[in-house]
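# Observations on the three-dimensional arrangement
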Amino acid sequence: MTDSARRPGPAGRRGDETWLTEVAREAAADAGGAPVELLGDYLRLLTDAAVTGRRPRRGELDAVEVLGRRAAEQGVSAGRAVRLYLSAARLLWRQLPHLDRSADSETVRAAADAVLHVVDTAVATLAEGYAAARRDLVRREEALRRELVDDLLRGDSDLGGLVERAEPFGLDLARVHQVALAAPGRRLPDTEAAISTLERVVFDRLGDRDVLVATKEGLLVVIAPADEATPGGARGGGPSGDLGTLMHGELDRLVRGRPWQVAVGRPHPGLYGIARSYEEAREALTTARRLHSGTSVIDAHDLLIYRVLLRDQPAMVDLVRAVLSPLGQARGGAEPLLDTLAEYFACGEVATEAARRLHVSVRTVTYRLGRIRALSGYDPADARDRFTLHAAVLGARALDWPRRPLPA
């Protein structure tokens with residue numbers, strides 16, 4: 001640095017250090033209170049460029065990149081960091097001592113070119129360091145979030161440790177939560193877009209606290225606050241009651257992943273309630289696939305009957321084999337008769353409505369019901385036989401029979 005750069009500035013400041021310090025303070029204030037330390041030796045680089053035309057060395061730019069990383073780690077926004085550097089350059093340029101007295105336009109032009117080069121290079125380097133640090137922070141946060149979600153869904157981790165780890169994510173484990181799982185129609189090559197979409201819409205609806213969005217085993221997982229759980233975990237109203245519909249509506253807008261299927265567990269309180277809601281959502285998704293259900297949004301509450309039926313699978317297999325396996329003797333196999341029974345029970349045992357749903361004539365429905373009575377010995381019109389047949393049909397759907405053979 002030459003002697004001219006060390007002379008007092010236009011305002012009569014004493015010494016190089018003093019006026020540069022004041023420029024740094026003014027720039028920090030202009031950038032919304034950004035830390036002065038983020039400037040490092042940037043002002044000296046600008047001064048050297050204006051006086052001697054010297055360009056920054058590699059080591060000096062590396063130091064600026066470190067400052068960019070530090071800004072990200074301290075939570076300073078990228079906009080404030082860039083504004084700090086631009087404000088510092090503007091304020092310093094107006095107060096450079098030798099330019100204040102220079103009447104030579106070539107001198108001013110050369111100094112401006114050198115200073116602008118430093119500004120351009122330094123700001124770009126600062127932004128690169130900031131972006132690199134943000135990527136690292138996102139990766140670390142994503143890893144921590146994925147580990148937290150895995151432990152929450154498993155439900156067997158240390159409670160005190162989970163409470164401490166959940167706090168930075170804004171998750172209050174004392175609240176009532178529910179878990180929703182979103183399954184894409186085909187494997188997603190990149191889940192970032194789907195996660196971002198879910199985070200945006202769920203945070204907008206439920207707030208940016210107490211919500212976690214992550215991935216697990218190819219599924220998108222949302223842990224969200226819910227209304228107070230009613231006795232038995234029954235469904236309740238409120239903003240979380242349509243969580244599945246909300247998620248499906250947003251995910252279905254994505255080009256990749258369609259068709260989406262979303263399963264929502266019931267709300268449960270406490271840490272272990274999260275694991276319980278997750279198990280319900282996972283069972284609901286598995287059951288819907290077994291039933292070949294095309295339903296976009298599946299509520300675990302609506303599939304409780306299948307959990308009851310399959311709790312004693314050997315007994316259910318025995319029921320299906322004893323009641324429905326004789327239907328395999330019919331021409332065309334058991335599946336058309338089973339479909340007829342399922343629609344007949346679903347529509348309240350009205351043959352005309354069952355025929356409409358099956359796209360067959362009423363005569364065909366009544367004929368099939370007669371064949372079922374003859375082959376199985378159970379009459380769909382008899383109140384005593386109806387429950388047995390209906391339970392057997394639900395069990396067959398859950399076991400995916402007759403598409404798959406019954407377990408031994």
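These notes cover the structure that comes with them.

The subject of this paragraph is the side chain of Ser87. Assignment of secondary structure puts Ser87 in helix 4 (residues 78-95). Overall, Ser87 belongs to the buried group, its relative accessible area being 5%. At a separation of 2.5 Å, a polar atom in the side chain of Ser87 contacts the side chain of Asp30. If we skip the residues at most four places from it in the chain, Ser87 touches Ala27 and Asp30.

Side chains that are three or four residues apart share a direction in an α-helix, a result of its 3.6 residues per turn. With twelve residues, helix 13 (residues 335-346) extends 16 Å from end C-alpha to end C-alpha; this agrees with the ideal 16 Å at 1.5 Å per step. Every buried residue of helix 13 is accounted for by Leu337, Leu338, Thr340, Leu341, Tyr344 and Phe345. Mapping the buried residues of helix 13 onto a view down its axis gives an arc of 160°, with all of them on the same face. At its buried positions, helix 13 is contacted by helix 12 (313-324), helix 14 (351-358), helix 15 (362-376) and helix 16 (383-398). Phi turns positive one or two residues past the end of helix 13, at Gly348, with a value near 80°.

In this section: empty space enclosed by the protein. Applying the stated criterion across every chain yields a total of one cavity of 30 Å³ or more. In this structure, the largest cavity encloses a volume near 50 Å³. Lining the largest cavity are Glu280, Glu283, Ala284, Thr287, Ala300, Leu303 and Arg307. Residue contributions to the lining of the largest cavity peak at four residues, all from helix 10 (residues 270-290).

With five of its five residues buried, strand 2 (residues 212-216) lies for the most part within the structure. Side chains of strand 2 alternate between two faces, with Leu212, Ala214 and Lys216 and Val213 and Thr215 buried alike. Two elements, strand 2 and strand 3 (residues 219-225), share five bridges in a ladder whose sense is antiparallel. Of the residues in strand 3, the one forming a bridge with Leu212 is Ile223. Taken together, strand 2 and the strand that follows it, strand 3, pair antiparallel across an intervening segment of two residues, in which Glu217 is found at a positive phi of about 50°.

What follows is about the pattern of salt bridges. One side chain can pair with another of opposite charge once the charged atoms of both are near each other. Applying the stated rule across the entire model yields 24 salt bridges. With a closest N to O distance of 2.9 Å, Arg282 and Glu279 form a salt bridge. With a gap of three residues between them, Arg282 and Glu279 both fall in helix 10, about one helical turn apart. Assessed through its relative accessible area of 34%, Arg282 is described here as partly exposed. Glu353 is the salt-bridge partner of Arg357, the closest N and O atoms lying 3.1 Å from each other. With Arg357 and Glu353 both in helix 14 and four residues apart, this pair spans about one turn of that helix.

Take the environment of Glu353 next. The class for Glu353 is partly exposed, based on a relative accessible area of 23%. For Glu353 and Glu343, which are ten residues apart along the polypeptide, the C-alpha to C-alpha distance reads 8.5 Å. Polar side-chain contacts of Glu353 include one of 2.6 Å to the side chain of Arg356.

A few words on the nonpolar core. Leu152, Ile223 and Leu324 are the most contacted members of the largest nonpolar core, which has 62 residues in total. Among the elements that make up this core, the one with the highest residue count is helix 10 (seven residues). Once residues within four sequence positions are removed from consideration, Leu152 is found in contact with Leu162, Leu171, Leu173, Leu212, Ile223, Leu271, Ile274 and Ala275.

Procedures and definitions
Residues numbered from 1 in each chain as written. Predicted model: local features only at pLDDT ≥ 70, side-chain atom pairs only at ≥ 80, totals over all residues. Heavy atoms only, no water. Helix = DSSP H or I, 4+ residues; strand = E, 2+ residues; numbered from the N terminus. Buried < 20%, exposed > 50% of the residue type's maximum accessible area, 1.4 Å probe, protein only. Polar contact = N/O pair within 3.5 Å; in protein donor to acceptor, adjacent residues only side chain to side chain. Contact = heavy atoms within 4.5 Å. Expected span 1.5 Å × (residues − 1). Arc of directions from axis to C-beta. 1 Å grid on protein atoms, 1.4 Å probe; cavity = no way out; pocket = protein on both sides within 12 Å on 5 of 7 lines; lining within 4 Å. Points joined across faces, edges and corners; volume = space filled by probe spheres on them. Pairing = 2+ DSSP bridges. Salt bridge = Lys/Arg side-chain N within 4 Å of Asp/Glu carboxyl O. Core = buried A, V, L, I, M, F, W, Y, C linked by side-chain atoms within 4.5 Å.

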